[in-house]
Amino acid sequence: MTQEVLVGQRVEVVVPGSSANLGPGFDTLGLALSVYDRIEVEVIEHGVEVEIYGEGAEDLPASESNLVVRAIRAGLRAAGMEAPGLKVICHNTIPQSRGLGSSAAAAVAGVAAANGLAGFPLSDDEVIQESSVFEGHPDNAAASVLGGAVVSWTDKPVDGRTAPQYKAVGIDVHPDISATALVPAFHASTNAVRQVLPSDVSHVDARFNVSRASVMVVALTKRPDLLWEGTRDRLHQTYRAEVLPVTAEWVNRLRNRGYAAFLSGAGPTCLVLGTEEVPSHVLGEARESGMKVHKLDVAEGVKVTVQQ
């Protein structure tokens, strides 16, 4: 039997952004990054009130269709509860549609907020499951939930009726690794960028990516000197370069200088991982070309605070 959350209950959620794929780990590897959205949720008597500040304030819907609201509803259903009404205030700093996990962060924030309102009945695995449904893969969402780096996967039942199961495990990142994000001024649609990918790949390319994804796990945990080799890819970045030429140019420029640069998620952000900062003159060139530069750390997972 569904229970109702009491009017007046409030939670605050701070959720990190993320990068997915990390080069060869297509729809598998993810990394939480220190750029955050903060969401305030209050249960009200009826209706939905949404306020949005910062990134996406002019574009995101301030209604029931807002992803955070839909994720709150889903999280409450998973907990066997419902709310008569919701007031949601979003303070967004994660760039929207730039390959830094803004959509996944919104879904995680909503499910985590619902979990807090319900008294935390959902485990991390269940939060990952509920929030990954919105994107259809768990790499970004799992990173935002667990923090650090994640290896994720999807179990799709063969009966065609049972819902997919989204799973992930966290891996500890070497403490010396940090990230630099070069963020272009334009957006990228994940669906549109996926359409350029071929339906089949060769065994040679598949074998290449299996080996580099394995190297990447070692690089992230124990051997940062292997980050350049571990971020090599043949499954998606070459094809996406056709529709993201600016990003591809910067990935190539940085890799030719020895930096572990790659397309963050579906782009268009170029992310660099390493133990040393990218030189200021290189970052200056990026800024002059219209990029925003963010120096980021590896982040912890989502935090939920119940307000008294």
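What this report covers is the structure whose coordinates are included nearby. Note that the coordinates shown come from a computational prediction; the quantities given were computed from them, not determined experimentally.

1. Digging into the overall build of the protein
Moving on, step 1. Each helix and strand in the protein was counted, giving ten helices and 13 strands.
Moving on, step 2. Against the compact-globule benchmark of 19 Å for 308 residues, the protein has a radius of gyration of 19 Å, which places it among compact chains.
Moving on, step 3. Out of the 308 residues in the protein, the part that is buried amounts to 49%.
Moving on, step 4. If you sum the accessible surface of the protein, you get close to 14100 Å²; carbon and sulfur atoms cover 49% of it.
Moving on, step 5. Here the protein contributes 25 positively and 37 negatively charged side chains, and the mean placements of these two sets differ by 6 Å.

2. Looking at the packing of aromatic side chains
The relation between two aromatic rings is expressed through the spacing of the ring centres and the mutual angle of the planes.
Moving on, step 1. Here the structure, examined in full by the defined rule, presents zero aromatic pairs.
Moving on, step 2. Lying over the aromatic face of Trp-250, Arg-253 brings its terminal NZ or CZ to 4.0 Å of the ring centre.

3. Looking at the sheet that holds strand β11 (residues 270–274)
Moving on, step 1. Here we have four strands laid out as an open sheet, ordered β10-β11-β9-β12, and antiparallel in their pairing. Since the sheet does not close on itself, it has two edges, and those belong to β10 (260–263) and β12 (292–297), each with one partner. Sheet twist, expressed as the mean angle between neighbouring strand axes with direction ignored, is 20°.
Moving on, step 2. Pairing of β10 with β11 involves four bridges; the strand directions are antiparallel. When the sheet's bridge partners are listed, Leu-263 is paired in β11 with Cys-270.
Moving on, step 3. Sheet strands touched by helix α9 (residues 245–256): β9 (178–183), β10 and β11. Its angle to β10, the strand with the most contacts, is close to 165°.

4. A few points about helix α4 (residues 139–146)
Moving on, step 1. With seven of eight residues buried, α4 is to be regarded as a mostly interior element.
Moving on, step 2. Taken as a whole, α4 has its buried residues at Asp-139, Asn-140, Ala-141, Ala-142, Ala-143, Ser-144 and Val-145.
Moving on, step 3. If you follow the buried residues of α4, they end up packed against β2 (10–21), β3 (25–44), α2 (102–117), α3 (124–132), β7 (149–155) and β8 (165–171).
Moving on, step 4. Within two residues after α4, Gly-147 carries a phi angle of roughly 75°, on the positive side.

5. Some points on the pattern of salt bridges
Moving on, step 1. As enumerated under the stated definition, the model contains 13 salt bridges in all.
Moving on, step 2. Between Glu-12 and Arg-38 there is a salt bridge, with the nearest N and O atoms lying 3.1 Å from each other. Of the two residues, Glu-12 is situated in strand β2 and Arg-38 in strand β3; the sequence distance between them amounts to 26 residues.
Moving on, step 3. Taking relative accessible area as the criterion, Glu-12 reaches 24% and is therefore assigned partly exposed.
Moving on, step 4. Residue classification places Arg-38 among the partly exposed residues on the basis of a relative accessible area of 29%.
Moving on, step 5. Among the salt bridges present, the one from Glu-64 reaches Arg-73, with a minimum N-O distance of 2.9 Å.
Moving on, step 6. Judged by its relative accessible area of 37%, Glu-64 is partly exposed.
Moving on, step 7. A single network of salt bridges, built from pairs that share partners, joins Glu-249, Arg-253, Arg-257 and Glu-285.

6. Topic: the packing of α2 against α3
Moving on, step 1. Where α2 meets α3, the closest approach of the two axes is 9 Å, and the angle between their N-to-C directions is 135°. In terms of axis orientation, α2 runs oblique to α3. Crossing angle aside, the handedness with which α2 passes α3 is right-handed. Side by side, α2 and α3 meet where Ala-107, Val-108, Val-111 and Asn-115 of the first sit next to Val-127, Glu-130 and Ser-131 of the second.
Moving on, step 2. Residues that form the contact of α2 with α3 fall into these classes: four nonpolar, two polar and one charged.

7. Overview of unusual backbone geometry
Moving on, step 1. Residue Pro-268 is bonded to the preceding Gly-267 through a cis peptide linkage, with omega at 10°.
Moving on, step 2. Within the secondary structure, Pro-268 is located in the loop between β10 and β11.
Moving on, step 3. For Asp-27, which is not glycine, the phi torsion reads 60° and is therefore positive.
Moving on, step 4. With respect to the secondary-structure elements, Asp-27 resides in strand β3.
Moving on, step 5. On the basis of relative accessible area, Asp-27 is assigned to the partly exposed category, the value being 21%.
Moving on, step 6. Even without glycine at this site, Ser-97 takes up a positive phi of about 55°.
Moving on, step 7. One can find Ser-97 in the loop between β6 (85–92) and α2.
Moving on, step 8. Judged by its relative accessible area of 35%, Ser-97 is partly exposed.

Conventions used here
- Residues numbered from 1 in each chain as written.
- Predicted model: local features only at pLDDT ≥ 70, side-chain atom pairs only at ≥ 80, totals over all residues.
- Heavy atoms only, no water.
- Helix = DSSP H or I, 4+ residues; strand = E, 2+ residues; numbered from the N terminus.
- Rg over C-alpha atoms; globule rule 2.2 N^0.38 Å.
- Buried < 20%, exposed > 50% of the residue type's maximum accessible area, 1.4 Å probe, protein only.
- Areas by Shrake-Rupley, 256 points an atom, 1.4 Å probe, with all protein chains shown as cover.
- Lys, Arg positive; Asp, Glu negative; His and termini not counted.
- Charge placed at Lys NZ, Arg CZ, Asp CG, Glu CD.
- Phe/Tyr/Trp six-rings, centres within 6.5 Å; stacked < 30°, edge-to-face > 60°.
- Lys NZ or Arg CZ within 6 Å of the ring centre and 35° of its normal.
- Pairing = 2+ DSSP bridges.
- Axes fitted to C-alpha atoms, helices over the stretch in contact; angles between N-to-C directions.
- Contact = heavy atoms within 4.5 Å.
- Salt bridge = Lys/Arg side-chain N within 4 Å of Asp/Glu carboxyl O.
- Parallel < 35°, antiparallel > 145°, perpendicular 65-115°, else oblique.
- Left-handed = near helix turned anticlockwise from the far one by under 90°.
- Nonpolar A, V, L, I, M, F, W, Y, C, P; charged D, E, K, R; others polar.

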